Amino acid sequence: TQAPERHEFQAEVKQVLDIVVHSLYTDKEIFVRELVSNASDATEKLRHTQVAEKDADIFDADLDLEIQVTSDEEAGEITIRDFGIGMTHDELIENLGTIAHSGSKAFLNALKESGERNDNLIGQFGVGFYSVFMVADSVKVYTRSWKKEGECYCWSSDGSGAYEIEQVEGERRGTRIVISLKDEYKDFAKKNRIEEIIKKYSAFVQFPVKVDGEKLNTIGAIWLKNKSDVSDDEYKEFYKFQAKAFDEPRFWLHFNADAPLEINALLYAPTENMEGFGFGRMEPGVGLYCRKVLIDSEPKNLLPDWLRFVRGVVDSADLPLNISRESMQDSSLIQKLNKVITKRFLKTLEEKAKKEPEVYNDFWSSFGLFLKEGVTTDFTHRDQLLKLLRYESSYTEAGTTTSLADYLSRAPEGQKEIYYLFGPSREAIESGPYIEAFKARNIEVLYLYEPIDEFVMNHARAFEEKNFVSADNDDIDLDAIAPETDTDKGEALEASASEALCSFIKEKLGDEVSEVSASDRLVGSPAMIVNADKMMTAQMRKMMKAMQQ
Ligand code: ADP
Ligand code: MG
């Protein structure tokens, strides 16, 4: 046999390890959750390989797919073993020596953001495999890949700067992790302690998890159950398990359909918007299953891109198992699933908005941006999405919003358009001149605060056949809609005097403006600039200019 190879951890891994090893984070037991979830992932991948590639030459093909945990209290050791896909020599280096995976990356990003050492982040984001070094003074990973031709290896490390890889003999397929606990954490190796932790964290693992031969997990695939047989706590726990999430779900949608496709779906809206935390674009996270077998944990086209924040599971018995992930992405079946699920999810949002407006409004303030993105990119669902938009307006109080339907229900008979104004804040919009004439006539104006809002208005064009019109447009005939309520105005200038004033101003401003004219649109302000270009508001022009630089 060859001498063990020594490798340095990648710099980012060293950083994570240093924090993990020295952290005061109290919930050390989460290392069990992380290792069991890795064992479960590896076993899911194996099962998928089995069904997807009929001719796959799988090493140790008839091993039972289960996860085995054993402990030796005296030696202070825990062993977690799976019969999943295992790892080759290069995969060991790639997977356990570098940071290519989700949890630790988010952890490092959050660390950079918070700018200081924060033990809580370990709990919030999870550091995956590396969490084991909170409790271990040495870890050995014995592994054998599912590929027929191959060798067995032992990866070992004490969690400081380096690890070793050595070729070994006689391993079965999969991975066996032997954890040697630090003296102060030897308690974890007590049989009842490890049983208690496994029960807590492995309830939803789709394979038997056995401690000393006894199966401890019982719940299984809750998305295939009847709603009445699943408790709220089980729904919440499943969300955390499946999405590897650290927040609570806001709400969920559990439905079964038989036609046109057989679908069992369980979808969650998270509490936290991770994109809002500056983690960059989220990856889709609704797993695709066929009769409990995971086909793809992050299928690309199962939901429209703007629903990438949704988590959960879609199971369809109509899926062919032996199809490559790539060709499945674009299959007509995925498109059909996409259509059904998106519609149901939007309907759920609509119902929430009606029956539990506080819950919906809260959802809107965290995830509204995604729906706005939907309006600008997804023509198919635009009408459904428009009903879900919420904006502050001259009618609402600060911090509360209105739907477009409610806006129209208050509009006077003669009003044929929906008016909006864009600005950085309520104060800025209300102190500007454009709002005056609308206020004076009690005509409601929507307040738009985010850059994407103008694109939303431009893409959507209209709601219930009423065009969206920026209130700084030059040809809005307000008197045709409603008379001014406050008639206490001073005396008007003589026509000739006002003409003279206009041409004086035009002369001073020259080519900066195309025309200067008297207007009845102003109440308290002496003058305003109106927009003669119907396609572009002043705000959009500013943005275009910024983009050209
Ligand atoms: P994550 O699970 O988020 O990818 P982890 O730090 O938990 O991150 O694991 C890193 C990688 O190591 C996994 O993505 C996987 O490729 C590999 N790995 C970990 N445990 C196992 C295992 N039991 N069997 C096979 N591969 C594993
Ligand atoms: Mg993991």
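Before any of the text, the structure's been laid out above.
What this report covers is the structure whose coordinates are included nearby. Keep in mind it's a predicted model, so treat the numbers as computed, not measured. (Residues numbered from 1 in each chain as written. Chains lettered and ligands numbered in written order. Predicted model: local features only at pLDDT ≥ 70, side-chain atom pairs only at ≥ 80, totals over all residues.)

Moving on, we come to the overall build of the chain. Helix and strand counts for the chain come out as 17 helices and 19 strands. Relative to its length of 549 residues, the chain is extended, with a C-alpha radius of gyration of 31 Å against a globular reference of 24 Å. Reported as C-alpha extents along the three principal axes, the dimensions of the chain are approximately 105 × 50 × 40 Å. Expressed as a percentage of the 549 residues in the chain, the buried residues total 33%. For the chain, contacts bridging at least 24 residues in sequence account for 71% of all contacts bridging at least 6. (Helix = DSSP H or I, 4+ residues; strand = E, 2+ residues; numbered from the N terminus. Rg over C-alpha atoms; globule rule 2.2 N^0.38 Å. Buried ≥ 20, exposed ≤ 12 C-beta atoms within 10 Å, placed from the backbone. Contact = placed C-beta atoms within 7 Å.)

Tracing the chain through its elements places L216 in the loop between strand 9 (214-215) and helix 7 (232-242). Taking the C-beta count within 10 Å as the criterion, L216 has 20 such neighbours and is therefore assigned buried. Distance from L216 to E196, taken between C-alpha atoms, is 9.3 Å for residues 20 residues apart in sequence. Apart from the residues lying within four places of it in its own chain, the contact partners of L216 are E195, I198, K199, S202, V209, K210 and V211.

Moving on to the environment of R172. Turning to its location among the elements, R172 is positioned in the loop between strand 6 (162-168) and strand 7 (174-181). Judged by C-beta crowding, with 15 C-beta atoms within 10 Å, R172 ranks as partly exposed. Each C-alpha atom of the pair R172 and V340 lies 43 Å from the other, and the pair is 168 residues apart in sequence.

Once that is clear, we can look at the pairing of strand 13 (residues 293-296). Inspection of the sheet shows strand 12 (residues 285-290) paired to strand 13 by three bridges, in the antiparallel sense. Bridge assignment links C290 to a residue of strand 13, and that residue is V293. Hairpin connection, strand 12 to strand 13: the antiparallel pair is bridged by two residues, and R291 has positive phi, about 45°. (Pairing = 2+ DSSP bridges.)

To continue, consider the pairing of strand 17 (residues 445-448). Here strand 17 shows two buried faces, one formed by V445 and Y447 and the other by L446 and L448. Pairing analysis gives two bridges linking strand 15 (residues 392-393) to strand 17, with the strands arranged antiparallel. By the bridge assignment for strand 17, S393 is matched with L446. Relative to strand 17, strand 16 (residues 417-422) runs parallel, the two being bridged by four bridges. The residue bridging Y419 from the neighbouring strand is V445, located in strand 17.

Formed by 124 residues in total, the largest nonpolar core has its most connected members in V132, V314, Y420, L421 and V445. With seven residues, helix 2 (residues 30-52) is the single largest residue contributor to this core. Excluding anything up to four places from it in sequence, V314 contacts I263, A265, V286, L288, Y289, L302, L337 and I341. (Core = buried A, V, L, I, M, F, W, Y, C linked by C-beta atoms within 7 Å.)

Judged by pairing direction, the sheet is mixed, and its nine strands sit side by side in the order 1-6-5-4-7-3-2-8-9 without closing on themselves. This sheet does not close on itself; its edge strands, each paired only once, are strand 1 (5-8) and strand 9. Sheet topology note: the strand 3 (residues 77-82)/strand 7 ladder contains six bridges and is antiparallel. Residue pairing for strand 7: I78 is matched across the bridge by I179. Most of the contacts of helix 2 go to strand 3, to which it runs at about 20°, and overall it touches strand 2 (67-72), strand 3, strand 7 and strand 8 (209-211). (Axes fitted to C-alpha atoms, helices over the stretch in contact; angles between N-to-C directions.)

If you trace the five strands from one edge of the open sheet to the other, you get 15-17-16-19-18, paired in mixed fashion. Each edge of the open sheet is held by one strand with a lone partner, namely strand 15 and strand 18 (462-463). The pairing of strand 18 with strand 19 (residues 466-470) spans two bridges and is antiparallel. When the sheet's bridge partners are listed, F463 is paired in strand 19 with K466. Docked against the sheet, helix 15 (residues 451-460) engages strand 16, strand 17, strand 18 and strand 19, running at close to 155° with respect to strand 16.

The contact between helix 10 (residues 357-377) and helix 15 brings their axes to 8 Å, and the two run at 35°. In this structure, helix 10 crosses over helix 15, and the sense of that crossing is left-handed. Of the residues in helix 15, those in contact with L369, K372, E373, V375 and T376 of helix 10 are I452, D453, F455, V456, H459 and A460. In the contact of helix 10 with helix 15, the residues fall into six nonpolar, two polar and three charged. (Left-handed = near helix turned anticlockwise from the far one by under 90°. Nonpolar A, V, L, I, M, F, W, Y, C, P; charged D, E, K, R; others polar.)

Below, the discussion takes up helix 16 (residues 495-509). With 15 residues, helix 16 extends 21 Å between its outermost C-alpha atoms, agreeing within 8% with the 21 Å of an ideal straight helix rising 1.5 Å per residue. Judged by how many residues are buried, helix 16 sits mostly at the surface: zero of 15 residues are covered. With its phi angle positive at about 60°, G510 sits one or two positions after the end of helix 16. (Expected span 1.5 Å × (residues − 1).)

For the rest of this paragraph, the subject is unusual backbone geometry. Cis geometry marks the peptide bond from A259 to P260, where omega comes out at 0°. Take P260: it is sitting in the loop between strand 10 (249-257) and strand 11 (263-270). If you check the backbone angles, D60 has positive phi at about 55° while not being a glycine. Residue classification places D60 among the partly exposed positions, given that 15 C-beta atoms sit within 10 Å. Phi is positive for D212, close to 50°, though the residue is something other than glycine. Position of D212 relative to the elements: it lies in the loop between strand 8 and strand 9.

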